Amino acid sequence: MNAQGKPKGAEMLDARQRHIVTISSFTAKGDLESLGKALNAGLDAGLTINETKEVLVHLYAYCGFPRSLQGINTLIAVLQERKTKGIVDRVGKEASTVESSETKYQQGKKVLETLTGRPETGPKTGYAAFSPEIEVFLKEHLFADLFTRDILSYTDREITTISALISLGGVEPMMQSHMGIAMNLGMSESQLRHLLSIVESNVGKKEAESGRKVLSALVASRKK
């Protein structure tokens with residue numbers, strides 16, 4: 001790695017994605033002072049207000065309303081401060097209206113199939129069989145309501161999710177699942193390792209090392 005913690009000669013996240021990583025990590029950790037700095041840096045780098053807000057909204061599904069709302073309140077304060085300094089931030093596009101004759105569950109099922117690259121068939125197992133209501137909530141709300149909001153791409157949302165899960169810790173199975181989705185969407189192993197190097201620089205080595213173990217196991221399983 002070079003002095004900036006970037007893998008040498010490898011594919012890396014672009015500047016916009018790097019800011020999504022730091023914003024997501026600090027939101028998940030509840031480090032509001034560092035989050036304020038990360039939000040300022042992201043806006044300076046060209047993230048729109050709506051893109052930044054959408055990252056924070058998305059995170060409630062993975063680290064809860066308290067962290068998400070604290071993040072949104074921090075963004076409000078940052079925007080007010082920037083306005084007093086005469087900084088004009090671009091608002092950005094709103095989410096498009098989704099028109100579909102399908103049920104929310106069917107819409108969410110299709111989104112999940114796109115993310116994983118696998119059809120949702122066969123009997124339910126695990127949590128989906130034990131708690132069918134939460135499987136419905138996931139399909140109808142997470143994958144239909146949230147993922148179809150086109151302010152962020154699916155890849156942006158996976159970068160947001162993975163960064164938060166790594167920073168939270170103790171959720172390695174979910175981390176591996178979302179790293180697999182990210183790779184299915186076209187992210188490379190090098191880009192995920194770059195994400196981990198950013199987390200290490202901003203959150204901690206322990207969290208990053210846990211993520212590296214998960215990524216190595218995922219890559220090995222995909223080669224079988």
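Please read all numbers here as calculations on a predicted model, not as lab measurements. (Residues numbered from 1 in each chain as written. Predicted model: local features only at pLDDT ≥ 70, side-chain atom pairs only at ≥ 80, totals over all residues. Heavy atoms only, no water.)

*Asks:* Where do I start with the side chain of S24 in this structure?
*Replies:* You can see S24 is positioned in helix α1 (residues 15–29). At 2.7 Å, the side chain of S24 forms a polar contact with the backbone oxygen of I20. (Helix = DSSP H or I, 4+ residues; strand = E, 2+ residues; numbered from the N terminus. Polar contact = N/O pair within 3.5 Å; in protein donor to acceptor, adjacent residues only side chain to side chain.)

*Asks:* Even after reading the chapter, I still don't get the domain arrangement of the protein chain, so can you show me in this structure?
*Replies:* Along its sequence, the protein chain is carved into domain 1 (15–96 + 149–223) and domain 2 (97–148). Relative to domain 2, the C-alpha centre of domain 1 lies at a distance of 23 Å. Carbon and sulfur atoms make up 59% of the surface buried where domain 1 meets domain 2, a total of about 1200 Å² over both sides. Together, S96, R149 and Y154 form the three largest contributors to the area buried by domain 1 at its contact with domain 2, with a combined 41%. The interface formed by domain 1 and domain 2 includes 0 salt bridges. Elements supplying a minimum of two residues to the side of domain 1 that touches domain 2: α3 (49–58), α4 (60–84), α8 (154–168) and α9 (172–184). Tallied by class, the residues present in the side of domain 1 that touches domain 2 amount to 8 nonpolar, 3 polar and 4 charged. (Domains from an automatic or database assignment. Buried area = accessible area lost by both parts, 1.4 Å probe. Salt bridge = Lys/Arg side-chain N within 4 Å of Asp/Glu carboxyl O. Nonpolar A, V, L, I, M, F, W, Y, C, P; charged D, E, K, R; others polar.)

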